[in-house]
Amino acid sequence: MTATAQPTTSSARRRALGVLAAVASCVLIWVIGSLAGVDWTVTSPGRPAMELGLAPVVVVSLGASLVGWAALAVLERFAGRRATLIWTVLAAVVALVSLFPLLGVEASTGAKFSLAAMHLAVAAVLIPILPTRR
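Per chain, residues are indexed from 1 in the order of the written sequence. Two thresholds apply to this predicted model, a pLDDT of at least 70 for residue-level local features and 80 or more for giving and counting side-chain atom pairs, whereas whole-chain, interface and lining totals are computed over all residues. Note that the side-chain values use all heavy atoms of the structure and ignore hydrogens as well as water.

Student: Where do I start with the packing of aromatic side chains in this structure?
Tutor: Both the distance between ring centres and the angle between the ring planes are used here to describe each pair of aromatic rings. Stacked, tilted and edge-to-face are the three classes assigned to paired rings of Phe, Tyr and Trp, where Trp is represented by its six-membered ring and a pair needs centres within 6.5 Å; plane angles under 30 degrees give stacked, over 60 edge-to-face, the rest tilted. Within this structure, the stated rule accounts for one aromatic pair. With 6.1 Å between their ring centres and 20 degrees between their planes, Trp30 and Trp40 make a pair best called stacked. Of the two residues, Trp30 is situated in helix 1 (residues 9-35) and Trp40 in the loop between helix 1 and strand 1 (41-42); the sequence distance between them amounts to ten residues. Take Trp30 and Trp40: they sit in the same class, and that class is buried. The rule is short: NZ of Lys or CZ of Arg within 6 Å of the ring centre and within 35 degrees of the ring normal puts a charge over the ring. Residue placement shows Arg77 over the ring face of Phe78; its charged tip is 5.9 Å from the ring centre. Put simply, DSSP H or I for four residues or longer makes a helix, DSSP E for two residues or longer makes a strand, and each gets a number counted from the N terminus. Buried residues are those whose accessible area, probed at 1.4 Å on protein chains only, stays under 20% of the maximum for their type, while exposed residues exceed 50% and partly exposed ones sit between those limits.

Okay, here's the thing in structure tokens:
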């Protein structure tokens with residue numbers, strides 16, 4: 001029976017800071033977009049138009065980051081040494097798949113570009129930070 005490395009307090013702290021950094025990157029993109037005049041009105045098929053404010057950006061990026069952390073923790077518990085590789089591939093695929101809904105919404109080019117940047121920013125921050133270093 002082999003023991004798998006459990007995240008330490010410093011790992012938990014690093015992961016929490018990673019989650020905060022992912023959320024902060026989305027907030028920064030939203031603020032820059034707003035200052036640049038991005039029209040944050042987004043219309044999904046069959047739904048009324050919605051103004052994408054800062055609160056949804058924070059909630060969604062925080063939620064996605066925490067789900068990513070939870071998925072990694074589950075994989076570390078049950079997949080052993082392969083957890084990091086599995087999670088990294090899964091996270092990259094989820095990040096890319098998360099871009100597809102942007103193709104089906106009506107929004108300004110600036111909003112679509114900014115939203116895509118937010119999706120990719122979360123992955124760019126979390127993928128190198130969340131896995132436990134060995």
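Student: How should the side chain of Arg14 be read in this particular structure?
Tutor: If you trace the backbone, Arg14 turns up in helix 1. As used throughout, the charge tally considers Lys and Arg to be positive and Asp and Glu to be negative, leaving His and the chain termini uncounted. Take a side-chain nitrogen of Lys or Arg and a carboxyl oxygen of Asp or Glu: if they are within 4 Å of each other, that pair is a salt bridge. As a buried residue without a salt bridge, Arg14 has its nearest oppositely charged side chain in Glu76, at a separation of 6.9 Å. In terms of polar contacts, Arg14 uses its side chain to reach the backbone carbonyl oxygen of Pro131, at 2.6 Å. Definition of a polar contact: a pair of N or O atoms within 3.5 Å, with one able to donate and the other able to accept a hydrogen when the atoms are protein atoms, and with sequence-neighbouring residues admitted only if both atoms are side-chain atoms.

Student: Please explain the pattern of salt bridges as it appears in this structure.
Tutor: Any two side chains of opposite charge can pair, so long as their charged atoms come close to each other. For the structure shown, the criterion picks out one salt bridge. When the shortest N-O distance is used, the salt bridge between Arg15 and Glu76 registers 2.5 Å. Note that Arg15 is positioned in helix 1 and Glu76 in helix 2 (residues 54-78), a separation of 61 residues in sequence.

Structural measurements only, silent on function.
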